[in-house]
Number of protein chains: 2
Amino acid sequence: MQVIQHITDLRQSIRSRRAEQPSLRVGFVPTMGFLHEGHASLLEAARRSCDIVVLSIFVNPLQFGPNEDFERYPRDEERDLAVAEQAGTDIVFLPQVAEMYPQPIKTMVSVREVTTRLCGASRPGHFDGVATVVAKLFHIVQPDAAFFGMKDAQQVAVIEQMVLDLNLPVEIVPCPTIREADGLAKSSRNVYLNEEERKQATVLSAALREAETALAESGVGLTPQQLIENVRTHIRRSPLAEIDYAEVLAFPSLEPLESFTQGERIIVALAVKFGKTRLIDNCIVRIP
Amino acid sequence: MQVIQHITDLRQSIRSRRAEQPSLRVGFVPTMGFLHEGHASLLEAARRSCDIVVLSIFVNPLQFGPNEDFERYPRDEERDLAVAEQAGTDIVFLPQVAEMYPQPIKTMVSVREVTTRLCGASRPGHFDGVATVVAKLFHIVQPDAAFFGMKDAQQVAVIEQMVLDLNLPVEIVPCPTIREADGLAKSSRNVYLNEEERKQATVLSAALREAETALAESGVGLTPQQLIENVRTHIRRSPLAEIDYAEVLAFPSLEPLESFTQGERIIVALAVKFGKTRLIDNCIVRIP
């Protein structure tokens, strides 16, 4: 496994591999590090369908708001490299901030509409930062396929919209959310939770499972408003949970819904704070 | 010479040429058509330094304001293809609007600071439309080098900033402005001018030559304000000329200047209207 810090070295490494094997399929997993089984599953998916697997680890300041956790975002380079190697990664791209932003950036990639709700509303500017750094990484790595976890469903919708609109020559592969045994979605931010918060954090996935059951039983007999009220009521039973948002929207357009239509795909999306820690989770359901 | 209308066909054509010759250097000239000797000089520059030359002809609605000349922008496909062939073009990409924008675009590429003055101020949104379509075309063609005329100096500054900020894997090659015998910069919009306007339109290049002479003689003895006042006075002698802007700025940052510094590069940039026709021209000078 090669560990590379500089853009020119990374390009050189991929270029020489492509020269040896012109049909080379390059798989790419962009991350912010502090890797968990969710990231490992993306690397393994890339491993299965590509000839080489490139992982990037970069905590991108551009996608953090001024009062967010950029400085304290958890980092563990040594463990990350072990996880990457174990999952069959060929190249780890580990740039410094000055390598990605040698001078203040003047160019931004902005995606409208799919960014107006959910985390786009709670975290202004967040998805501009995500779209811009992903565009940069795509231009640096030039992958054939890129792998993203569905825990960040809105991020997947934003990246897919960007790829479509800008004709980026890369296939986006969404991968299922990986969970703890008790249902909590794996997230680098779970380490922030204290013992009691960790216990109550299962309320997100439990509320989503309940919503899935209700939709499977009632389908179009339920309104989006009823569904989301049930979800909110469920979450409020956990005294430490503070709802940032709980919404049901069309997927992947992320537009609001007056009623359900048979066969349409919807997302139930949650962001819930436990103390200072904000967790997100979602489920995507086709209305029966 | 191949003429291609669809993105998938273009990609296929370039991919198969690259497969035959992995070291293939692809040169790209993006245009809005109605080709003149300026465009031909870009194609010839690409011809000299690249293995294949791709020309795109696309009048991009995204870069025209609601009261601008998108509908009446001059088009002559037959003559364009003759000019392209004559200049040694290998592939002409000629997409319809629906091919480039199959649904309303939600993603925009915006470049700040270099777009605040000159045409960025006169034509709000113009450079977002330019940056976005050029990013799309770069992703579609995936050229090694792209050629742009310095008549549109601010466009060159915007594209260079975008390429730098987003790590686009393409070399930008700025090429000199091509002029008529009397000095008028070649432009597709020159056909809009009536006989008297055409005569007076030489005032742009004449004022720029005078500015160059003044700078060569006086250098830092001149202030930017004095220089631009001389340029304005010169242009006002033409009764049909209506100044949209006349500015002297640092190049390529396009920031305003209080005074000149020896060795620094500056741009004198003009936009002047003759009736409904808006012409631009500029010169770039290193202060002696």
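Residues numbered from 1 in each chain as written. Chains lettered and ligands numbered in written order. Predicted model: local features only at pLDDT ≥ 70, side-chain atom pairs only at ≥ 80, totals over all residues. Heavy atoms only, no water.

How we decide: UniProt positions are given in the numbering used here, feature names are shortened, and annotations may be inferred rather than shown by experiment.
In the nomenclature of an unreviewed UniProt entry, chain A is known as Pantothenate synthetase of Paenibacillus validus. Entered under Subunit (unreviewed entry) in the UniProt record, the comment concerning chain A runs "Homodimer."

**Some thoughts on the overall build of chain A**
For clarity, the threshold we go by: Here a strand is any run of E in DSSP of at least two residues, a helix any run of H or I of at least four, and the numbering for each starts at the N terminus. Radius of gyration here uses only the C-alpha atoms, and the compact-globule reference equals 2.2 Å multiplied by the residue count raised to the power 0.38. Whether a residue is buried, partly exposed or exposed follows from its accessible area with a 1.4 Å probe, protein chains only, as a fraction of its type maximum: under 20%, in between, or over 50%, in that order. The contact criterion used throughout is that any non-hydrogen atoms of two residues lie within 4.5 Å. A positive count includes Lys and Arg, and a negative count includes Asp and Glu. His and the chain ends are not counted in either. Charge positions are represented by NZ for Lys, CZ for Arg, CG for Asp and CD for Glu.
Along its length, chain A carries 10 helices and 10 strands. The C-alpha radius of gyration computed for chain A amounts to 19 Å, which stays within 12% of the reference 19 Å derived for 288 residues, consistent with globular compactness. Per-residue burial for chain A yields a buried fraction of 56% across its 288 residues. By sequence separation, contacts in chain A at least 24 residues apart represent 73% of the contacts at least 6 residues apart. Within chain A, one finds 30 positive and 38 negative side-chain charges whose respective centroids are separated by 2 Å.

**Quick word on helix α2 (residues 37–49) of chain A**
Side chains that are three or four residues apart share a direction in an α-helix, a result of its 3.6 residues per turn. Residues and elements named next belong to chain A. Put simply, the test is: What a helix is expected to span follows from its residue count: subtract one and scale by 1.5 Å.
End to end, α2 covers 18 Å across 13 residues, agreeing with the expected 18 Å (1.5 Å per residue, within 8%). Among all positions of α2, only Gly-38, His-39, Ala-40, Ser-41, Leu-42, Leu-43, Ala-45 and Ala-46 are buried. On the buried face of α2, the contacting elements are β2 (26–31), β3 (52–57), α3 (77–86), β6 (145–149) and β7 (171–175).

**Things to note about the sheet that holds strand β4 (residues 91–93) of chain A**
Residues and elements named next belong to chain A. Test applied: The criterion for strand pairing is that DSSP finds at least two bridges linking the strands in question. Axis definition: a line fitted to C-alpha atoms, limited for helices to the stretch in contact. Angles are taken between N-to-C directions and run from 0 to 180 degrees.
Pairing in this open sheet of six strands is parallel, and the strands run β1-β4-β3-β2-β6-β7 from one edge to the other. For this open sheet the edge positions go to β1 (2–4) and β7, each flanked by a neighbour on one side alone. For this sheet, the mean angle separating the axes of adjacent strands, direction not counted, is 25°. Its contacts with the sheet place α2 against β2, β3, β6 and β7, and it is angled at close to 155° to β6. Taken strand by strand, helix α6 (residues 126–141) contacts β2, β3, β4, β6 and β7, and its axis lies near 150° from that of β2.

**A look at the pairing of strand β10 (residues 277–286) of chain A**
Residue and element names in this part refer to chain A. Most of β10 is tucked away, with eight of its 10 residues classed as buried. As paired strands, strand β9 (residues 265–274) and β10 are joined by 10 bridges and run antiparallel to one another. Along β10, the bridge assignment pairs Ile-267 with Ile-284. Where β9 folds back on β10, the antiparallel hairpin that results is connected by two residues, among which Gly-275 adopts a positive phi of roughly 60°.

**Here we look at the sheet that holds β10 of chain A**
All names here are of chain A. Pairing within the open sheet is antiparallel, and its three strands lie in the order β8-β9-β10. Edge positions in the open sheet fall to β8 (241–250) and β10, since each of these has one partner strand only. Taken pair by pair, the neighbouring strands of this sheet meet at an average axis angle of 15°, ignoring direction. Of the strands in this sheet, β8 and β9 are in contact with helix α10 (residues 224–236), which crosses β8 at around 160°.

**Examining the domain arrangement of chain A**
Residue and element names in this part refer to chain A. Keep this limit in mind: Throughout the structure description, domain borders are defined by an automatic or database domain assignment. A 1.4 Å probe defines the accessible area here, and the buried area is the portion of it lost by two parts on being joined, summed over both. Throughout this description, the term salt bridge denotes a Lys or Arg side-chain nitrogen within 4 Å of a carboxyl oxygen of Asp or Glu.
The domain architecture assigned to chain A consists of domain 1 (2–175) and domain 2 (188–283). A straight line from the C-alpha centre of domain 1 to that of domain 2 covers 26 Å. In this complex, domain 1 contributes 22 residues to the contact, which on the side of domain 2 involves 20 residues. When domain 1 packs against domain 2, close to 1,900 Å² is buried across both sides, 56% of that on carbon and sulfur atoms. For the domain 1 face of the interface with domain 2, the top three residues by lost area are Arg-72, Arg-117 and Leu-118, together amounting to 32%. The interface formed by domain 1 and domain 2 holds one salt bridge in total.

**Focus on the UniProt feature "binding site: (R)-pantoate" (unreviewed entry) in chain A**
All names here are of chain A. The sites that carry the UniProt feature "binding site: (R)-pantoate" (unreviewed entry) are, in the present numbering, Gln-63 and Gln-155. These annotated residues cover 93 residues of sequence, and their C-alpha atoms lie no more than 11.6 Å from one another, placing them together at a single site. Note that Gln-63 resides in the loop between β3 and α3. Look at Gln-63 and you get buried, because its relative accessible area is 9%. Those residues within four positions of Gln-63 in sequence are excluded, and the remaining contacts are Met-32, Glu-68, Arg-123, His-126, Gly-129, Val-130 and Val-133. Beyond its immediate stretch of four places on either side in the chain, Gln-155 contacts Phe-127, Val-130 and Phe-148.

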